[in-house]
Amino acid sequence: MSTQAIHLLSPSFPSSRSLSNLPASSRLLSINPIYLPFTLRRHAFPLSCNCSSSHTPVLSSDNGFGSKSVVAHATASAIDVDAVTEAELKENGFRSTRRTKLICTVGPATCGPEQLEALAVGGMNVARVNMCHGTREWHRNVIRQVRKLNEEKGFAVAVMMDTEGSEIHMGDLGGAPSAKAEDGEIWTFSVRSYSPLPDRTANVNYDGFTEDVRIGDELLVDGGMARFEVIEKVGPDVKCRCTDPGLLLPRANLTYWREGSLVRERNAMLPTISSKDWLDIDFGIAEGVDFIAVSFVKSAEVINHLKSYIAARCPGCEIGVIAKIESIDALKNLEEIIRASDGAMVARGDMGAQIPLEQVPACQQKIVRLCRQLNKPVIVASQLLESMIEYPTPTRAEVADVSEAVRQRADALMLSGESAMGRYPDKALSVLRSVSLRIERWWREEKRREALELPEVASSFSDRISEEICNSAAKIANNLGVDAVFVYTKSGHMASLLSRCRPDCPIFAFTTSTTVRRRLNLQWGLIPFRLSFSDDMESNLNRTFALLKARGMIQSGDLVIALSDMLQSIQVMNVP
Ligand SMILES: Nc1ncnc2c1ncn2[C@@H]1O[C@H](COP(=O)(O)OP(=O)(O)O)[C@@H](O)[C@H]1O
Ligand SMILES: C=C(OP(=O)(O)O)C(=O)O
Ligand SMILES: [K+]
Ligand SMILES: [Mg+2]
């Protein structure tokens, strides 16, 4: 093997090898007085399993780029990798892999097994279920189908459960898919649950509604999809005149405004996690979801509370808590919230109903940057391709919006209505895919490596070593133009530190647990693999090369950097 190795070894490296083993061609970087390098043996790689025959092609699909790809699965093999990524790597090599992760909200349009599989084949990394809608039975069925797909067809789709939160919203419109409010019409918004629902009436889920609103207030449906003026209060009913006609959708969000400001009366006291949310959270824990996204977070306290609840309720289970930034309070307490969370979502839908729309883009950029600095995955959500709910192609403006989120290097983009109830879920996903790939490539071609300062996030000296190793490895990777960085990580932490650096090449993250592997699927540039490995990097690398070569995912001569969080080492080498 051509071992152009750089070794960077930490104090924890076992001291059984001597400095004289260091090949003349290798360079030694040190962060510690103990230099204990090792070299990789040049030998034939034993094939520890019959990998190539263990994966059976299960489907052939058009991946949205005009090429047919065979998607394979490999339940019995010693290394688990996402079937779609495997096909991409085989076909087009390292540079073809998408770095930006994609989340699809699953709804009536996509809850069937074939539809879910089509999304997985189309590149869905995370499936989101929104507890605002549907029954628990419905959600359970979706979650189990996703798990089945992972087990049977070699995907690693993570599941994110999104809580309803204590938002004020309308009821179900008596089963109608939508209702049109026309200019000047008088509508009744009532805290009484009418059934059947009279014409031009909507139920409101918040008991304090009639007390909070005042005559003259402006009532906005879905942040302005329709507007009303409050003209009269009659017991539990609030009469409103439509001033901006629009479509009302079931359970649409309601906000009320007074003299140009959002009214936050008793509703500001509503708990972030309602009693229904706690039941949903228990359900999510029982169903083994990977992430819980918390709606309308106001402070770090609620995140800490939920995290300790999960830890007590399910010791050892690793559910990531994602803070949805969608309220004025969340923006006020942004940094402490992000620090407390395992990631954040720029929930532009509700955010745009709480702050002036023109402020949303700046908030997005700020949240994306801050998350990256604090090493937390960040999701940009809502209305990315809204017109594709009805039309098969996006608007130019939507493509520009998606491009901007990719250019900001957000970890993930999310589809909501486009995949939950739209007419073209697969097409919408394929637009996210192609735009991400194109913008990422453009970025690399232009060598636009932004000078975003990455502050130290480590909380211990050992973590600092990992952090410095990752920062250096990313720099080396870019300067040498390596094909991939390999990282062996048990907790996933070192993979996330590497992802934070947003290197030019993909990051192969090897981890021993399927749970960690699914969680890493939310993070920028990571290709998570499940692999059992030891503390012996030499044998880990030998095994990995053999397994990946046997499956056609890497080739002799590819230049890779390998890191490990057990040894805290960096090596640069050509695949033998
Ligand atoms: N589980 C579900 N059951 C029925 N409809 C759903 C479901 N999930 C999502 N939807 C539909 O998709 C739309 C977009 O989803 P999403 O953005 O998650 O919700 P919301 O519009 O409430 O913020 C919803 O308004 C709803 O009409
Ligand atoms: C993602 C969002 O939350 P939800 O769809 O649950 O309202 C949002 O408001 O943008
Ligand atoms: K929600
Ligand atoms: Mg929201």
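None of the values given here were measured: they were computed from a predicted structure.

**Description of the overall build of the protein chain**
Working step 1: A tally of helices and strands in the protein chain yields 18 helices and 27 strands.
Working step 2: Counting only residues that meet the buried cut, the protein chain has 48% of its 576 residues in that class.
Working step 3: Excluding contacts between residues fewer than 6 apart, the proportion of contacts in the protein chain whose partners are at least 24 apart in sequence is 65%.

**Overview of the UniProt feature "domain: Pyruvate kinase C-terminal" (unreviewed entry) in the protein chain**
Working step 1: According to UniProt, the "domain: Pyruvate kinase C-terminal" (unreviewed entry) feature falls on residues 467–566.
Working step 2: Secondary structure across residues 467–566 comprises 43% helix and 22% strand; the distance between its end C-alpha atoms is 13 Å.

**Let's talk about the pairing of strand β23 (residues 484–488)**
Working step 1: Among the 5 residues of β23, 5 are classified as buried, and the element is accordingly described as predominantly covered.
Working step 2: Neither face of β23 is exposed, since Ala484, Phe486 and Tyr488 on one face and Val485 and Val487 on the opposite face are all buried.
Working step 3: Assessed by its sense of winding, the connection that carries the chain from β23 through helix α16 (residues 493–500) to strand β24 (residues 507–511) is right-handed.

**Observations concerning the pairing of β24**
Working step 1: The element β24 is largely enclosed, with a buried count of 5 among its 5 residues.
Working step 2: Burial along β24 is two-sided: Ile507, Ala509 and Thr511 facing one way and Phe508 and Phe510 facing the other are all buried.
Working step 3: Across 4 bridges, β23 lies against β24 in parallel orientation. When the sheet's bridge partners are listed, Tyr488 is paired in β24 with Phe510.
Working step 4: Pairing geometry for β24 and strand β25 (residues 526–531), over 5 bridges, is parallel. Within β25, the residue paired with Phe508 across the bridge is Ile527.
Working step 5: Handedness of the crossover is the feature at issue here: the chain leaves β24, passes through helix α17 (residues 514–520), returns alongside β25, and the resulting connection is right-handed.

**A word on helix α18 (residues 537–550)**
Working step 1: Spanning 14 residues, α18 covers 19 Å between terminal C-alpha atoms, matching the ideal 20 Å at 1.5 Å per step.
Working step 2: Counting buried positions along α18 gives 11 out of 14 residues, so the element sits mostly inside the fold.
Working step 3: Taken together, the buried positions of α18 are Met537, Asn540, Leu541, Asn542, Arg543, Thr544, Phe545, Ala546, Leu547, Leu548 and Ala550.

**A word on the environment of Leu247**
Working step 1: Along the polypeptide, Leu247 turns up in strand β15 (residues 246–248).
Working step 2: The class of Leu247 is partly exposed, set by 14 C-beta atoms lying within 10 Å.
Working step 3: In the structure, Leu247 is positioned 142 residues away from Ile389 in sequence and 14 Å away in space, judged by C-alpha atoms.
Working step 4: Not counting residues within four places of it along the chain, the set of residues in contact with Leu247 comprises Ser178, Lys180, Met225 and Ala226.

**Considering the UniProt feature "domain: Pyruvate kinase barrel" (unreviewed entry) in the protein chain**
Working step 1: The sites that carry the UniProt feature "domain: Pyruvate kinase barrel" (unreviewed entry) are, in the present numbering, residues 98–428.
Working step 2: Split by type, residues 98–428 is 33% helix and 24% strand. Its first and last C-alpha atoms lie 16 Å apart.

**Things to note about unusual backbone geometry**
Working step 1: Omega for the peptide link from Ser195 to Pro196 comes to 0°, which places this bond in the cis form.
Working step 2: Tracing the chain through its elements places Pro196 in the loop between β10 (186–190) and β11 (201–203).

**Side note on the environment of Leu547**
Working step 1: As for its placement among the helices and strands, Leu547 is situated in helix α18.
Working step 2: Put simply, Leu547 and Ile79 are 468 residues apart on the chain and 7.2 Å apart in space, counted from C-alpha to C-alpha.

**Notes on the sheet that holds β10**
Working step 1: Taking strand neighbours across the sheet as the criterion, the 7 strands line up as β11-β10-β14-β13-β12-β16-β17 in an open arrangement whose pairing is mixed. Sheet topology places β11 and β17 (261–262) at the edges, where each strand pairs with a single neighbour.
Working step 2: In this sheet, strand β16 (residues 254–258) lies alongside strand β12 (residues 218–221) in antiparallel orientation, the contact comprising 4 bridges. Looking at the pairing, Leu219 lines up with Tyr256 of β16.

**Some thoughts on the site of ligand 1**
Working step 1: Around ligand 1, the surrounding shell holds 15 residues, and the nearest of these are Gly107, His133, Gly134, Ser416 and Ala420.
Working step 2: Looking at the shell around ligand 1 residue by residue, the class counts come to 6 nonpolar, 8 polar and 1 charged.

**Describing the packing of helix α3 (residues 113–121) against helix α4 (residues 136–153)**
Working step 1: Closest axis-to-axis distance for the α3/α4 pair is 10 Å, and the angle between their directions is 60°. Here α4 runs oblique to α3, going by the angle between their axes. Seen along the crossing, α3 lies across α4 with a hand that is right-handed. Between α3 and α4, the residues in contact are Pro113, Leu116, Glu117 and Ala120 and Gln145, Val146, Leu149 and Lys153, respectively.
Working step 2: By residue class, the composition of the contact of α3 with α4 is 5 nonpolar, 1 polar and 2 charged.

**Some thoughts on the packing of helix α12 (residues 396–407) against helix α14 (residues 425–445)**
Working step 1: For the pair α12 and α14, interaxial distance at closest approach is 9 Å and the crossing angle is 50°. Overall, the two elements α12 and α14 adopt an arrangement that is oblique. For α12 against α14, the interelement crossing comes out right-handed. Across the interface between the two elements, Val399, Val402, Ser403, Val406 and Arg407 of α12 pack against Leu432, Val435, Ser436, Ile439, Glu440 and Trp443 of α14.

**Thoughts on the confidence of the model for the protein chain**
Working step 1: The pLDDT averaged across the protein chain works out to 85; a share of 86% of its residues lies at or above 70.
Working step 2: For residues 1–76, every residue scores under 50 in pLDDT, and the model assigns this stretch 150 contacts once sequence neighbours within four places are set aside.

**A short note on the site of ligand 2**
Working step 1: By nearness alone, 13 residues border ligand 2, and Ala347, Gly349, Asp350, Ala381 and Ser382 come closest of all.
Working step 2: By residue number, the principal contributor to the shell around ligand 2 is helix α10 (residues 348–354), which donates 3 residues.
Working step 3: For the shell around ligand 2, the class distribution of residues is 3 nonpolar, 5 polar and 5 charged.

**Topic: the domain arrangement of the protein chain**
Working step 1: If you check the domain split of the protein chain, you get domain 1 (6–49 + 458–503 + 506–574), domain 2 (99–166 + 278–445) and domain 3 (173–269).
Working step 2: Residue-level contacts link 15 residues of domain 1 with 17 residues of domain 2.
Working step 3: Listed by contribution, the elements that provide at least two residues to the side of domain 1 that touches domain 2 are α16 and α17.
Working step 4: Broken down by element, the side of domain 1 that touches domain 2 gets its largest block of residues, 5 residues, from α17.
Working step 5: In the side of domain 1 that touches domain 2, the residues fall into 5 nonpolar, 5 polar and 5 charged.

**Re the sheet that holds strand β8 (residues 158–162)**
Working step 1: With parallel pairing, the 8 strands of this closed barrel are ordered in space as β6-β7-β8-β18-β19-β20-β21-β22. On average, adjacent strands in this sheet sit at an angle of 25° to one another, irrespective of strand direction.
Working step 2: Pairing of strand β18 (residues 291–294) with strand β19 (residues 320–325), which is carried by 4 bridges, proceeds in the parallel orientation. Counterpart to Val294 in the pairing with β19 is Ala323.

Rules behind the numbers
Residues numbered from 1 in each chain as written. Chains lettered and ligands numbered in written order. Predicted model: local features only at pLDDT ≥ 70, side-chain atom pairs only at ≥ 80, totals over all residues. Helix = DSSP H or I, 4+ residues; strand = E, 2+ residues; numbered from the N terminus. Buried ≥ 20, exposed ≤ 12 C-beta atoms within 10 Å, placed from the backbone. Contact = placed C-beta atoms within 7 Å. UniProt positions renumbered as here; feature names shortened; annotations may be inferred. Right-handed = clockwise from strand over helix to strand, strands pointing away. Pairing = 2+ DSSP bridges. Expected span 1.5 Å × (residues − 1). Near = placed C-beta within 6 Å. Nonpolar A, V, L, I, M, F, W, Y, C, P; charged D, E, K, R; others polar. Axes fitted to C-alpha atoms, helices over the stretch in contact; angles between N-to-C directions. Parallel < 35°, antiparallel > 145°, perpendicular 65-115°, else oblique. Left-handed = near helix turned anticlockwise from the far one by under 90°. pLDDT = per-residue confidence, 0-100. Domains from an automatic or database assignment.

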